[in-house]
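Fold and geometry: a report
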Amino acid sequence: MKEIITGAEALMRSLCAEGVKTIFGYPGGAIMPVYDALYDYTRGEKKAFDHILVRHEQAATHAAEGYARVSGEVGVCIVTSGPGATNTLTGVADAMMDSTPIVVIAGQVGVGALGTDAFQEVDLVGVAQPISKWSYQIRRPEDVAWAVSRAFFIARSGRPGPVVLDFPKNAQVHTTEWEPKHVDFIRSYVPFPKPDEQAVRKAAEIINKAQKPLALVGQGVELGNAHNELLEFIEKAGIPAGRTMLGLSALPSDHPLNVGMLGMHGNYAPNIKEQECDVLIAIGMRFSDRVTGNTATYARQAKVIHLDIDKSEIDKNVKTDVAVVGDCKVTLPAITRLLKKTRHDEWRESFRDLDKMEYERVVAPAIHPQDGPLLMGEVVNAVAEATKGDAVLVTDVGQNQLFSCRYFKYRKKRSVVSSGGLGTMGFGLPAAIGAAFGAHDRTICCFMGDGGLQMSIQEFGTIMEQRTPVKMILLNNNYLGNVRQWQDMFWNKRKSFTRMMNPQYELIASAYNIGYRVVQDRADLSAAIEEMLAADGPFLLECAIKEDDDVLPMTPPGKNVDEMQLEI
């Protein structure tokens, strides 16, 4: 005789079956039956989950993203209906843009009330469909196990992404016979396409003939756990490799074939060399406009080989000569087996003069200034040196993001958590909380600007309650710095509503029982960082930054990548 249970209990058991350990959430009326079932699964003999009570539903999704990005698992959040559900949508869109596997479970009014404009009713499935990998309404308790298993399969397989489950109240409280489900196949959904052997051979043939090959490494290498396969590929063929912002830790910072970060504020050499190479090999990246600049002139001299698991990315932004569609953990070694052992010493050496030019004109003044106010680059560099490349970098969005991605160092995989495609201010703090739960054994360093911090400052409450050991570095320049820089460069220095009036962060940190120190003089920076890293628990390090500190180099919007400016 089968056991009779509620839909809410079926959800708990289904989450257990998927190996879920941590849930981020915020309760409310329409999800109360689930939270009642969750009570028994967070304590006592049935304890299976840690539930992290965030202070805003958007933070739940960003925390789930941070957790997923560092752990490689699916992040999970549970919220209520109406505004609780719509508050998650920014995080859903963010996860979709950055291929982050999360499952959002939202309460909903009962099926009988749907379409009546009932209290806190919203068409979540309809709203979420364009910005999620799958959205589905669970109308019956007997569908819970199937829907949850399918949701996790879709979220984690192929190109990962967010899934939204809308859970009406009647399906939570009504009963059904418990029967576990396991979904590992969906008709017409091919998450791991079989690579075309002819395309593999053609790609290898082009690479073997290349004189000036350049690899562009994206987050797909991280998502596919293809770090070793990437190393074997570039080392055998002697191919210099640039990395996208989200792909930074796919290759160790000190690897001899690493030539820096790509993109609008990336390193000078790889951006210039994209316009000189004869073969461009894109691996798990989508040719974002922030990488390509003007696509009409981008790498027109090169044969383009694109390795991606998502066929829809092929030829979307940049026309390819050879497309190898499939999991890069499979496609990279398939190509590597056919490659000749090569070094390309002269080509690799040609990057050095450009590196030297950037170092002398941009990097050295940014990380080793002789006088004046503190600079963002020197703070990031000092934290990077103190953590020796072992920490996880979490960023908010803006100048803090660009400086920290440029100057942080990485020795380990899955070490960068940042909002890339959507550029979500307020992402950093909750994502860092999630990262702390996803990587218990690592130091989490979260760089934020004063604007981004105040978009999610309520999550200090989550940090206080959980004693989450996040090391928060506030780069405070009293401006919405990135917008201010663009206003200075492109809008005749008309600083329209970008100056910030800031609170006394020391008092706020004290109210939340978070360690705090402010640095205004660079002579105090090293000791302050040491204090922050040694602190047992969370710590906020506020750094008073030069107000008009600019991120350089920069490729102005719409310009060619080789029109990158080293100075303003």
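To be clear, the structure that these remarks concern was listed above.
Please read these numbers as outputs of a predicted model, since none were measured by experiment. (Residues numbered from 1 in each chain as written. Predicted model: local features only at pLDDT ≥ 70, side-chain atom pairs only at ≥ 80, totals over all residues. Heavy atoms only, no water.)

Moving on, we come to the environment of alanine 171. As for its position among the elements, alanine 171 is in helix α8 (residues 169-173). Here alanine 171 falls in the buried class, since its relative accessible area comes to 0%. A sequence separation of 64 residues divides alanine 171 from glycine 107, and the C-alpha atoms of the two residues are 9.9 Å apart. Among residues more than four places away in sequence, those in contact with alanine 171 are Gly7, Ala8, Ile138, Arg139, Arg140 and Pro141. (Helix = DSSP H or I, 4+ residues; strand = E, 2+ residues; numbered from the N terminus. Buried < 20%, exposed > 50% of the residue type's maximum accessible area, 1.4 Å probe, protein only. Contact = heavy atoms within 4.5 Å.)

In this section: the sheet that holds strand β9 (residues 213-217). Judged by pairing direction, the sheet is parallel, and its six strands sit side by side in the order β11-β10-β9-β12-β13-β14 without closing on themselves. Every interior strand has two partners, whereas the edge strands, β11 (258-261) and β14 (322-325), have only one. Strand-to-strand twist of the sheet, defined as the mean angle between neighbouring strand axes without regard to direction, takes the value 20 degrees. When β9 meets strand β10 (residues 241-243), the two strands line up parallel, connected through three bridges. Bridge pairing links leucine 216 to glycine 242 in β10. Sheet strands touched by helix α9 (residues 197-209): β12 (279-283), β13 (303-308) and β14. Its angle to β14, the strand with the most contacts, is close to 130 degrees. (Pairing = 2+ DSSP bridges. Axes fitted to C-alpha atoms, helices over the stretch in contact; angles between N-to-C directions.)

This part takes up α9. For α9, spanning 13 residues, the distance from its first C-alpha to its last is 19 Å, which sits close to the expected 18 Å at 1.5 Å a residue. Buried residues of α9: Ala199, Val200, Ala203, Ala204, Ile206 and Ile207, and no others. Taken around the axis of α9, the buried residues stretch over an arc of 165 degrees, which confines them to a single face. What points out from α9, more than 90 degrees from its buried face, is the exposed set Glu197, Gln198 and Lys209. As for α9, its buried residues are in contact with α11 (227-237), β12, β13, β14 and α14 (328-336). A distance of 2.8 Å separates the backbone nitrogen of glutamine 198 from a side-chain oxygen at the start of α9, and that oxygen is part of aspartate 196. (Expected span 1.5 Å × (residues − 1). Arc of directions from axis to C-beta. Polar contact = N/O pair within 3.5 Å; in protein donor to acceptor, adjacent residues only side chain to side chain.)

Geometric descriptors of this kind do not, in isolation, establish any biological role.
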